[in-house]
Amino acid sequence: MTKKIKTACRACHGGCGAIVTVEDDRVVKVEPDPNAPLSKGRMCPKGLAAADVLYDPHRLKYPLKRAGERGEGRWERISWDEAYNTIIGEIEKIKREHGIESVGLVQGTGRHHFNHMPRFAHTLGTPNWFEPGTAQCYFPRILNFNITYGKPLVVDYFGETNPECILVWGTNPLVTGADGEIQFLVRDAISKGSKFIVVDPRKTELAERAEVWLQVRPGTDAALALGMLNVIINEELYDKEFVEKWVHGFEALRERVQDYPPDCVADITWVPPEEIVRAARLYASSSPAALEVGCAIEHNPNCFDIVRAVSFLPGLCGNFDIPGGYIEGSDILPDIENRLEYIEPEVAKKRLGGGDFPFLSGADMPFPSAHIPAAFEAIRTGKPYPLKALLLFGNNGLMSFADSNKTFETLQKVDFLCCMDLYMTPTAELCDIVLPAASSLELDAVFSVPYFANYAVLAQKKITRLYERKSDEEVFFELCERMGLDYGGERLHDVFDWQLRAVGEKYDEYKGLDFERMCELSYFAIPPEYRQYEKRGGLRTPTGKMEVWSTVLEERGYDPLPKFIEPPETPYSAPETYKDYPLILLTGGRVPFFFHTEGRGVPSLRGKAPYPRVEIHPQTAAAYGIADGDWVYIESPRGRITQKALVTDGIDPRVVNCQHGWWYPEAETPDHGWRESNANILTSADPPYDSVLGTYQLRALLCRIYKNDDISIEARFEKSEIMKGD
């Protein structure tokens, strides 16, 4: 018998609608749904490979217990009962001896289980939940938008008006399409005639199409944004009516940007002054104009001020919450409650890093987080108190945290490590208990996209369930039940029903909506509303206005206006280091076949991009005797990796860009080659940190390169089952 089932793809954060064909209880095809509200009949290679992931024989199938030393690769199959009893026993022992705050919950990818992770941590009673994104990816934007506009914002791809101009800053949306499959919506905007301004050190596909490409020196984005604001304000290109009525602190900002004239900004950023002026004029004269901003600018200890300065541009130019502009979104689906109140007040005060970074760890953040360097310091030194256990869900931390060598040393010191994942990753190999996670076709979820400014709601349906896999959320429910803790509801669907009933309370056409009916709908979208702040009588900020002078920051003792700070490891801030490491390093290169560290063992994906590539300018390659396709060492003060040279004129001769997330499932040793090509071996988790969020430096670091003549990665891959499987 053949069935076709509508669901939603979660091969990344995105929201592509999918149609899954099932024949005799086996998934035989995954294809895009032409009626899905965002993707509209399109899907990236990761989503199309969902069945390959489902049936991959190398997936984790059963709970496992370590049978040898950490990292030795010896495992024993156990039951879920034994796994749960072991985990609970370790948690209760640590709670008795050290307090529940000595148990840490660690998250990686922000998909179906994202909102459930802090809820689970808080239900346990620990304040020490953390993941790489809170200070490094997306949450700096969320916090900034809340402070400046009172709410997160998104580009209006949803109404009848196409943006005339889109400023794309620190993202490559034609390759990375998370949070609602932005890549397809950007392509639609291109076809409808949108003009693009692209800020990127690399000549991406979109930069090649752009009206203006600003090839910024890595890490200097705050200066560039303030330089554009200088032009817009001094030439009076801003929306005077909006500024007068709805902007708080404009005159102070006018004074601040006088420190950033285009000539001076050009010296800092390497962008010619005439290009800064041209970009500012084009953006300010376009209506409607929007902003597409990504995580590249959040990988910097100046990240919060970078995001603030960039985010001012739509509002000051009159493009806030208008058709085709930068809008608030529909707020359809409420987040599940994070249950902060379940943490004892005295325990909540012990959140690691909270005293230094109250925004990261306080009520202003939707999900208050521990500071990762502080948590790792507590593991290594026991100060201010020991962190004894880490429970990791969807987190391949050896690949995802900065300074992987230090991360490895830190994880070795944890008394108890538990991991839940799709595969036996390098991080899972270090654990005491490993749990098998369900993939996107094996679990139920309801979610909305784009995140925090949602326009569409989608149902992710369990098509099948193989072996003894579970969804992360089911594990949270079952652990809490066994520990006598109330997670909220008797089953996971109770949480979904609570969220969906709230939709029905707001929209009459969805009255009585629950997960069962949502699965019948598969998805729905709400038409966007505009100028919501006028209907409310103000923005959701303390002044009711767009705050370029932040009263929230001022009250906490921070500079209320953004400024540029040179990153700590550049040719200018670290001239002695620069003598030995004369190139600027980018570490965020990606391809559409992988999501962070996932997919390297899936033949249909790995076959499209078998090796990591480092982009090098022809002049630089020639100077170091490197040809296209050569294996190259990339070395920073923290370590050395190797990747395959991609010689291109789309990068500055003073800059190289390596790919993120590489490990080798085909490696026979239990470390799976995590030291060979992992970009985070090169990055730094050392201070100084961003003063607001504690962000460390993942890009704009210093490195050197040289040819690697002794490489076996290709030969190993050619002999592997992955290669044969493709």
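Above this text sits the structure in question.
Residues numbered from 1 in each chain as written. Predicted model: local features only at pLDDT ≥ 70, side-chain atom pairs only at ≥ 80, totals over all residues. Heavy atoms only, no water.

## Side note on the packing of aromatic side chains
Under the definition given, this model contains 30 aromatic pairs. Aromatic side chains Trp662 and Tyr664 sit 5.9 Å apart centroid to centroid with 40 degrees between the ring planes, which places their arrangement in the tilted category. Tyr664 shares its class with Trp662; the two are buried. Chaining the aromatic ring pairs together yields one cluster made of Tyr149, Phe242, Trp246, Phe320 and Tyr533. Directly above the ring of Phe359 sits Arg556, whose terminal nitrogen or CZ lies 4.7 Å from the centroid. The residue whose ring lies beneath Arg716 is Tyr664, and the NZ or CZ to ring-centre distance is 4.9 Å. (Phe/Tyr/Trp six-rings, centres within 6.5 Å; stacked < 30°, edge-to-face > 60°. Buried < 20%, exposed > 50% of the residue type's maximum accessible area, 1.4 Å probe, protein only. Lys NZ or Arg CZ within 6 Å of the ring centre and 35° of its normal.)

## Remarks on the sheet that holds strand S19 (residues 456–460)
Pairing is antiparallel across the open sheet formed by 3 strands, whose spatial order is S18-S19-S20. Each edge of the open sheet is held by one strand with a lone partner, namely strand S18 (445–449) and strand S20 (523–525). Adjacent strand axes in the sheet meet at a mean angle of 15 degrees when their direction is disregarded. Alignment of S19 against S20, held across 3 bridges, turns out to be antiparallel. The residue of S20 that forms the bridge with Val457 is Phe524. Against the sheet, helix H21 (residues 492–506) makes contact with S18, S19 and S20, and its axis sits at roughly 40 degrees relative to S18, the strand it touches most. (Pairing = 2+ DSSP bridges. Helix = DSSP H or I, 4+ residues; strand = E, 2+ residues; numbered from the N terminus. Axes fitted to C-alpha atoms, helices over the stretch in contact; angles between N-to-C directions. Contact = heavy atoms within 4.5 Å.)

## Concerning the pattern of salt bridges
Across all of its chains, the model carries 50 salt bridges by this definition. In this structure, Lys563 engages Asp559 in a salt bridge whose closest nitrogen and oxygen atoms are separated by 3.7 Å. Look at Lys563 and you get partly exposed, because its relative accessible area is 28%. (Salt bridge = Lys/Arg side-chain N within 4 Å of Asp/Glu carboxyl O.)

## Quick word on the sheet that holds strand S1 (residues 2–8)
If you trace the 3 strands from one edge of the open sheet to the other, you get S1-S2-S3, paired in antiparallel fashion. Every other strand in the sheet has two partners, leaving S1 and strand S3 (26–32) as the edge strands with one partner each. The average undirected angle you get between the axes of adjacent strands in this sheet is 25 degrees. Summarising the sheet, S1 and strand S2 (residues 17–23) pair through 7 bridges and their orientation is antiparallel. Each residue of the ladder has a partner; that of Lys4, found in S2, is Thr21.

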